[in-house]
Amino acid sequence: MVKKMDNFLPLIVVFPLIMSIIFSYIYKSKIVRILTFLMALILVVLPFFGTYGTYFFGDHAIALGSTSLTSGIAYVLNPAKNVMVFTLMLIGSLILISATGEKKLNGIFTSLMLMGLASVSAIIMAEDIFNLYVFYEIATITQAGLVIASGTENAYKAAFRYLLIGTMAGSLLLLGIALLLSATGTLNIEDMRNFLANNSATPAIYGGLLMLIIGLGYGGGLPPFHTIKADMYSRARPFVASMLQTYSKFVLIALMIVILKLFGGLPYFNITRGVLIALSIGGMVFGTVMALLQNDYKKLLAYHTISQGGYVAAGLAIGTPLGIVAGIFHGINHAIYKSALFLGAHIVSKAKSSNMAKLGGLLPFMPFVAFMILCAKLATIGIPPLNGFQSKLLLIDAAMKANIPELAIIMILVSIGTFVYMMKAFYLIFLKPCSEEQIEEYKNIKISKYSVFSLAILTVLCILLGIYPDIVVDRIYPFAKDIGINWALNK
Amino acid sequence: MIISKVGIFMKYDEFKREMEKEGTGDSMSVGAGLTGEIILYGSLVMVMFLLSRVFSEVLLAIVGISIIGIGISTMPLIFKFKEENSNQMNIQLFWISIFVGVLSVALYLAK
């Protein structure tokens, strides 16, 4: 294992963390807006500071006794993780740019955003499972903080519920890590993987796997934790929700990768694979059905996020190289088009309501925004040539190649549901005839140029990745080949 | 509200009336609700097929799909489903406990 720190990779985590502390001290200052904008620009270049490989903080690793096992905070950066970190930072940057157009911007908000970005980057890159847990907890607290920053009573309740369940899920995840440590003698994921591959399973290892799945469900918003996550997204301000769902998606991917890396090739993982596929089906179906029943646009988008999380989990749960590529690619695509949809909802919410029954006729007042929202909606449904089409095609292909056509059919069924509620929302918000009073109200709407700029960048990305998916897929495939196993249901 | 009044044997002609009571009785919302119902039952059928293949039990598929067929003809599932997916803490904790229990049994069987 390489034990060098010959580049600035730790800065991806450390720099936003330090700036987060600084922003929390200058939260009332007039320069917050300018500094937030500068931070947004720096975030985009930050992922390019690291070069690929394994790195130990402090340029050292501790050898444990006579074994070759190592301890210490380690990060791994490879092309796949770099794409994920870049997507995360880009979305974070665009949300911060949008936030600079808000009247009530303060340093605490920027501080929480940066802390979340640092935490989720660390979760993606962590090669040390305890380090992963620490940042998992920080990400949880950050998300609750961002929801509380919305300032409504319902937001407080949602954040409190999220933290309450998080106390349980986080504790169980820590217990799982402790069980795995006791069974394998290491916290390093690569060393743990080698140990598990060469030794028979013990109850402690089964227990550790169980707790990891509970942590995964909570962090990624899979059933039965989906209602808590959906409540969080719908109570936060829409542009904040776009960041929350991005955090959740990358936490889901990162934890799934850890589980696959540790257990993916082991014979006793087959039943767990079935459980993970069942959870992903649950996420897809529950999210879509609940979204179909919503009249509030924010709630509709919140449940849609759960549904798309199910797709991501399904690809990764299949566990073949193609499935992993499809899962990660869909996660990246989802983070992009869903951020666009939430930003669109943020602009629409300037019309004083997110209740679709009270909206309508907005198209003439914001045609360009409506077009971009429509692009994002078509991407999420899976219409070519947008990015959602490419990743959904890969997902269905992965399910068919694993000989699970039932899963492919469920994915298509859920896409039909997605089409119905997305088009319903578009009609009710933009096309439905509205009263003269509403038209007068709409004339006073002031759309933030910053939000429109961020929305435009995300829309361009939806189209770009739809036409050139290889930009991302080629970077993920070698990593997926390393951790995936080729299998098919032979029944 | 509407959920408490929904009986097990509610007919589909009552479906619209139930949605109207919730203030979502327009054709678009009713259509979306029925789409949800179809997705819910359709997914159950697919899951039943998948399970019957995994456990090599054709009977499981036949009996399971028959039960689902009886269900779809007499009992809209969606109102009950909405209740179980609510934000009530007691319901959430119930399903989390069920989830942990099922997961434990699944991993025990992996031995």
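Here is what the cut-offs are and how they apply
- Residues numbered from 1 in each chain as written.
- Chains lettered and ligands numbered in written order.
- Predicted model: local features only at pLDDT ≥ 70, side-chain atom pairs only at ≥ 80, totals over all residues.
- Helix = DSSP H or I, 4+ residues; strand = E, 2+ residues; numbered from the N terminus.
- Rg over C-alpha atoms; globule rule 2.2 N^0.38 Å.
- Contact = placed C-beta atoms within 7 Å.
- UniProt positions renumbered as here; feature names shortened; annotations may be inferred.
- Core = buried A, V, L, I, M, F, W, Y, C linked by C-beta atoms within 7 Å.
- Buried ≥ 20, exposed ≤ 12 C-beta atoms within 10 Å, placed from the backbone.
- pLDDT = per-residue confidence, 0-100.
- Axes fitted to C-alpha atoms, helices over the stretch in contact; angles between N-to-C directions.
- Parallel < 35°, antiparallel > 145°, perpendicular 65-115°, else oblique.
- Nonpolar A, V, L, I, M, F, W, Y, C, P; charged D, E, K, R; others polar.
- Left-handed = near helix turned anticlockwise from the far one by under 90°.

Student: How would you sum up the overall build of chain A? Please name residues and give values.
Tutor: Looking only at helices and strands, chain A features 19 helices and 4 strands. By the compact-globule yardstick of 23 Å for 491 residues, chain A fits well, its C-alpha radius of gyration being 22 Å. Along the first, second and third principal axes, the C-alpha atoms of chain A reach 80 × 60 × 40 Å. Taking the contacts inside chain A whose residues are at least 6 apart along the sequence as the reference set, 81% of them involve residues at least 24 apart.

Student: So what's going on with the UniProt feature "domain: NADH:quinone oxidoreductase/Mrp antiporter transmembrane" (unreviewed entry) in chain A? Residues and values would help.
Tutor: When the UniProt feature table is mapped onto this chain, "domain: NADH:quinone oxidoreductase/Mrp antiporter transmembrane" (unreviewed entry) is found at residues 126-413 of chain A. Each end of residues 126-413 of chain A is marked by a C-alpha atom, and these two atoms are 36 Å apart; helix forms 80% of the span and strand 0%.

Student: With reference to specific residues and values, describe the interface of chain A and chain B.
Tutor: At the junction of the two partners, chain A supplies 35 residues and chain B supplies 34 residues. Counting only elements with at least two residues in the side of chain A that touches chain B, the list comes to α8 (203-220), α9 (226-235), α11 (269-292) and α16 (405-431) of chain A. For the side of chain A that touches chain B, the element with the highest residue contribution is α11(A), accounting for 10 residues.

Student: Which residues make up the nonpolar core, and what are the values?
Tutor: Soluble, globular proteins show a tendency: their nonpolar side chains are buried together. All names here are of chain A. Ranked by internal contacts, the top residues of the largest apolar core, which has 201 residues, are Ile123, Val325, Cys462 and Ile476. Here the element with the most residues in this core is helix α10 (residues 238-263); it accounts for 19 residues. Beyond its immediate chain neighbours, meaning those up to four positions away, Val325 contacts Leu394, Val473, Ile476, Tyr477 and Ala480.

Student: Which residues make up the confidence of the model for chain A, and what values do they have?
Tutor: Summing up the model confidence of chain A, the mean pLDDT is 91 and the portion of residues at 70 or higher is 96%. Segment residues 1-5 of chain A: pLDDT under 50, and 11 contacts once partners within four positions in sequence are set aside and those in other chains are kept.

Student: An account of the packing of helix α3 (residues 27-54) of chain B against helix α4 (residues 58-74) of chain B is needed here, citing residue identities and associated values.
Tutor: Residue and element names in this part refer to chain B. Running from amino to carboxyl end, α3 crosses α4 at an angle of 170°, the nearest separation of the two axes being 8 Å. In this view, α3 runs roughly antiparallel relative to α4, as classed from their interaxial angle. Two secondary-structure elements touch here, α3 through Tyr41, Leu44, Val45, Met48, Phe49, Leu51 and Ser52 and α4 through Val58, Leu60, Ala61, Gly64, Ile65, Ile68 and Ile72. Looking at side-chain class alone, the contact of α3 with α4 contains 12 nonpolar, 2 polar and no charged residues.

Student: An account of the packing of α8(A) against helix α6 (residues 89-109) of chain B is needed here, citing residue identities and associated values.
Tutor: At their nearest, the axes of α8(A) and α6(B) sit 10 Å apart, and the two run at 145° to each other. Taken as a pair, α8(A) and α6(B) cross one another with a handedness that is right-handed. For the pair α8(A) and α6(B), the contacting residues are A:Tyr206, A:Leu209, A:Leu210, A:Ile213 and A:Ile214 in the first and B:Val100, B:Leu103, B:Ser104 and B:Leu107 in the second.

Student: Break down the environment of A:Pro405 for me, citing the residues and quoting the values.
Tutor: Mapped onto the secondary structure, A:Pro405 falls in helix α16. For A:Pro405, a count of 16 C-beta atoms within 10 Å corresponds to the partly exposed category.

Student: Explain the confidence of the model for chain B to me, and be specific about the residues and the numbers.
Tutor: Residue and element names in this part refer to chain B. With 85% of its residues at a pLDDT of 70 or more, chain B has an overall mean of 80. Taken element by element, chain B is modelled with least confidence in helix α1 (residues 2-5), mean pLDDT 42, and with most confidence in α3, mean pLDDT 89. Low confidence marks residues 1-8, where pLDDT is under 50. Its contacts with residues over four positions away, or in another chain, come to 12 contacts. For this predicted complex, the interface confidence score (ipTM) comes to 0.87, while the overall pTM stands at 0.93.

Student: Could you give me a rundown of the environment of A:Glu102, with the residues and numbers involved?
Tutor: Of note, A:Glu102 is situated in the loop between α3 (79-99) and α4 (107-125). Each C-alpha atom of the pair A:Glu102 and A:Lys358 lies 24 Å from the other, and the pair is 256 residues apart in sequence.

Student: Give me the lowdown on the environment of A:Ile189, citing residues and values where you can.
Tutor: Turning to its location among the elements, A:Ile189 is positioned in helix α7 (residues 189-198). Between the C-alpha atom of A:Ile189 and that of A:Thr418, which follows or precedes it by 229 residues, the distance is 37 Å.

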